[in-house]
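Now for the letters of each chain:
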Amino acid sequence: MKRSEDATTEFKRDYVDDIKKTVIAFANTSGGTLYIGIDDSGQAVGIGDVDNTLLRVSNAIRDTIKPDVTLFVNYEVQMVDNRHIIKITVQKGTASPYYLANKGIRPEGVYIRQGPSSVPATEATILNMIKNTDGENYEDVRSLQQELTFREAENAFNSRKIPFGTSQQKTLKITNADGIYTNLGLLLSDQCRHTIRLAVFEGTTKSVFKDRREFSGSLLKQLNEVYETISHYNRTRAEFDGLYRIDRRDYPVEAIREALLNALVHRDYSFSASTLISIFEDRLEFVSIGGLLKGISYDDIMLGISVTRNENLAHIFYRLTLIEAYGTGMPKIMESYQGYPVAPLIEITDNAFKITLPNLNSNYGIVKETAPLYGNELMVVEMLKTNESITRKEVEGKLSISQAAAVNLLKRLVIRGLIRPVGAGKNTRYIRA
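Small disclaimer: the values here were computed from a predicted structure and weren't measured.

Visitor: Whenever I open this one, the overall build of the protein confuses me. Can you help?
Guide: Of regular secondary structure, the protein possesses 14 helices and 18 strands. Against the 2.2 N^0.38 benchmark of 22 Å for 433 residues, the protein shows a C-alpha radius of gyration of 30 Å, more extended than a compact globule. Here the C-alpha coordinates of the protein stretch approximately 105 × 50 × 45 Å along the principal axes. Here the protein holds 433 residues, and 48% of them are scored as buried.

Visitor: Explain the sheet that holds strand S9 (residues 196–201) here, please?
Guide: Strands belonging to one sheet form pairs held by backbone hydrogen bonds; the direction of such a pair is parallel or antiparallel. Judged by pairing direction, the sheet is mixed, and its six strands sit side by side in the order S10-S9-S13-S14-S16-S15 without closing on themselves. Both edges of this open sheet fall to strand S10 (209–215) and strand S15 (345–348), since each of them pairs with a single strand only. Within the sheet, the average angular offset between the axes of one strand and its neighbour, ignoring direction, is 10°. Alignment of S9 against strand S13 (residues 275–279), held across five bridges, turns out to be parallel. By the bridge assignment for S13, Arg197 is matched with Leu276. Packed on one face of the sheet, helix H7 (residues 219–233) meets S9, S10, S13 and strand S14 (283–289) and runs near 165° to S10.

Visitor: Just to check I follow, could you spell out the sheet that holds strand S5 (residues 83–90) for this structure?
Guide: Ordered in space as S1-S2-S5-S4, the four strands form an open sheet in which the pairing is mixed. The strands lining the two open edges of the sheet, one partner per strand, are strand S1 (9–12) and strand S4 (73–80). Taken over all neighbouring pairs, the strand axes of this sheet differ in orientation by 20° on average, direction set aside. In this sheet, S5 lies alongside strand S2 (residues 32–36) in antiparallel orientation, the contact comprising five bridges. Looking at S5, one finds that Tyr35 is bridged to Lys87.

Visitor: Teacher, can you tell me more about helix H8 (residues 253–265) here?
Guide: Count 3.6 residues to each turn of an α-helix, and residues three or four apart come out pointing the same way. With 13 residues, H8 should cover 18 Å at 1.5 Å per step; its first-to-last C-alpha distance of 18 Å lies within 8% of that length. Of all the 13 residues making up H8, 10 are buried; the element is thus mostly covered by neighbouring parts of the structure. Those residues of H8 not exposed but buried are Ala255, Ile256, Glu258, Ala259, Leu260, Leu261, Asn262, Ala263, Leu264 and Val265.

Visitor: Just to check I follow, could you spell out helix H12 (residues 375–386) for this structure?
Guide: For H12, every residue scored as buried is listed here: Asn376, Glu377, Val380, Val381, Met383 and Leu384. All buried residues of H12 fall inside an arc of 150° around its axis, so they share one side. With respect to the buried face of H12, the exposed residues turned more than 90 degrees away are Lys385 and Thr386. Packed against the buried residues of H12 are helix H9 (298–302), helix H13 (392–399), helix H14 (403–415), strand S17 (419–422) and strand S18 (429–432).

Visitor: What's the story with the pattern of salt bridges in this structure? I'm lost.
Guide: Charged atoms that come close allow side chains of opposite charge to pair. The final tally for this structure, using the stated rule, is 25 salt bridges. Asp39 is the partner of Arg13 in a salt bridge, and the nearest nitrogen-oxygen pair spans 3.8 Å. With Arg13 in the loop between S1 and helix H1 (19–28) and Asp39 in the loop between S2 and helix H2 (50–64), this residue pair connects regions lying 26 residues apart in the sequence. What makes Arg13 partly exposed here is its relative accessible area of 46%. Judged by its relative accessible area of 15%, Asp39 falls in the buried class. As a salt-bridge pair, Asp190 and Arg151 come within 4.0 Å of each other at their nearest N and O atoms.

Visitor: Explanation requested: unusual backbone geometry in the structure shown.
Guide: Omega for the bond connecting Lys66 with Pro67 falls within 30 degrees of zero, at -15°, which places this linkage in the cis form. Mapped onto the elements of the fold, Pro67 is located in the loop between strand S3 (65–66) and S4. With an omega of 10°, the peptide bond running from Ser96 to Pro97 counts as cis. For Lys161, which is not glycine, the phi torsion reads 55° and is therefore positive. Within the secondary structure, Lys161 is located in the loop between helix H4 (151–159) and helix H5 (166–171). Although it is not a glycine, Lys173 adopts a positive phi angle of roughly 75°. In this structure, Lys173 sits in the loop between H5 and helix H6 (183–188). Of the residues examined, Lys173 reaches a relative accessible area of 40% and is grouped as partly exposed.

What counts and what doesn't
Residues numbered from 1 in each chain as written. Predicted model: local features only at pLDDT ≥ 70, side-chain atom pairs only at ≥ 80, totals over all residues. Heavy atoms only, no water. Helix = DSSP H or I, 4+ residues; strand = E, 2+ residues; numbered from the N terminus. Rg over C-alpha atoms; globule rule 2.2 N^0.38 Å. Buried < 20%, exposed > 50% of the residue type's maximum accessible area, 1.4 Å probe, protein only. Pairing = 2+ DSSP bridges. Axes fitted to C-alpha atoms, helices over the stretch in contact; angles between N-to-C directions. Contact = heavy atoms within 4.5 Å. Expected span 1.5 Å × (residues − 1). Arc of directions from axis to C-beta. Salt bridge = Lys/Arg side-chain N within 4 Å of Asp/Glu carboxyl O.

Shown next as structure tokens:
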């Protein structure tokens, strides 16, 4: 009978190292069958030492291919034309891309089947395989880069007396069940490819640069270095109240900390663009890639509701006590400006999130009364255009929100100087300021 090679069949006269590439290609594509002891023409030539060849093949497949593909490989010794051959049946795997352990998840390590040949996969093909296998969640997807080190992360964990061994990395989702580094691992590694760009400008426009820097490496390293740089430019100015000297920083330290953490924890890392920080004479801007998640509104985040885009990263920051609890960042930023005539400005688009902190010692700044209104804030102001006063209960009914949400909403508008309370307790009403 005439035998020939095709997309799911390959012949090898003897055991050769390329057999691993064929197994990978079958597992990554549609499965297939590999015969050892049959030459390229389809003629059975047989194997001299079947047991030794079978051992070499099975060891190679087990030890040099990642993730573990052995569950999808079956070995069988057959007689063809009175000669012993080995038949290796490979099913399509469920954890593609499979790759050579010493090459990594790169074109030179990942193979697919094209006709009767096993060829390197393109990077686009590899990314599609990862997406189809691991899903859309960026953190959980296997990193294309597997040669990672964690000096900065180890230092951070050690400083908090938290173990950072192999088992802990798996628990934290830095590696997956097969011990392969995820994109979360890449973000915390010294090889992280995402950066923060910081620029200091003269005056209030982007016309003249005073300083600019780009921060790279582990997100934990970037966090510390960027915070130190911003602190350097966060000047302290003195005022006198009678005989007493009062020192005031340009920006509340708590607001800087929370805005920076927000820019790192909540940004969309599936895009390669850098996080941008700009320091002007009158303001400090943080711009991160990724708008609000579906179903979350401006009002929600101002109330402290948090749906985290990078849940595993947030959990690690929480373990390191960098964040105290989910959803507290935005209220803390707003509260740090309480009592001042200026307020932070939050701007959101479909693909970006911007926090602007006004300089408390500047003559410029974002005046509370002129800062844009969003969602329910705007609706309350509209209610006061047709009513002399309103109550918290009326706000609840009109906007269909809870008592706690109404209290927070009214408090926010009072802080911004747009409304003021009249009366006390249950009799409190709110009028236009």
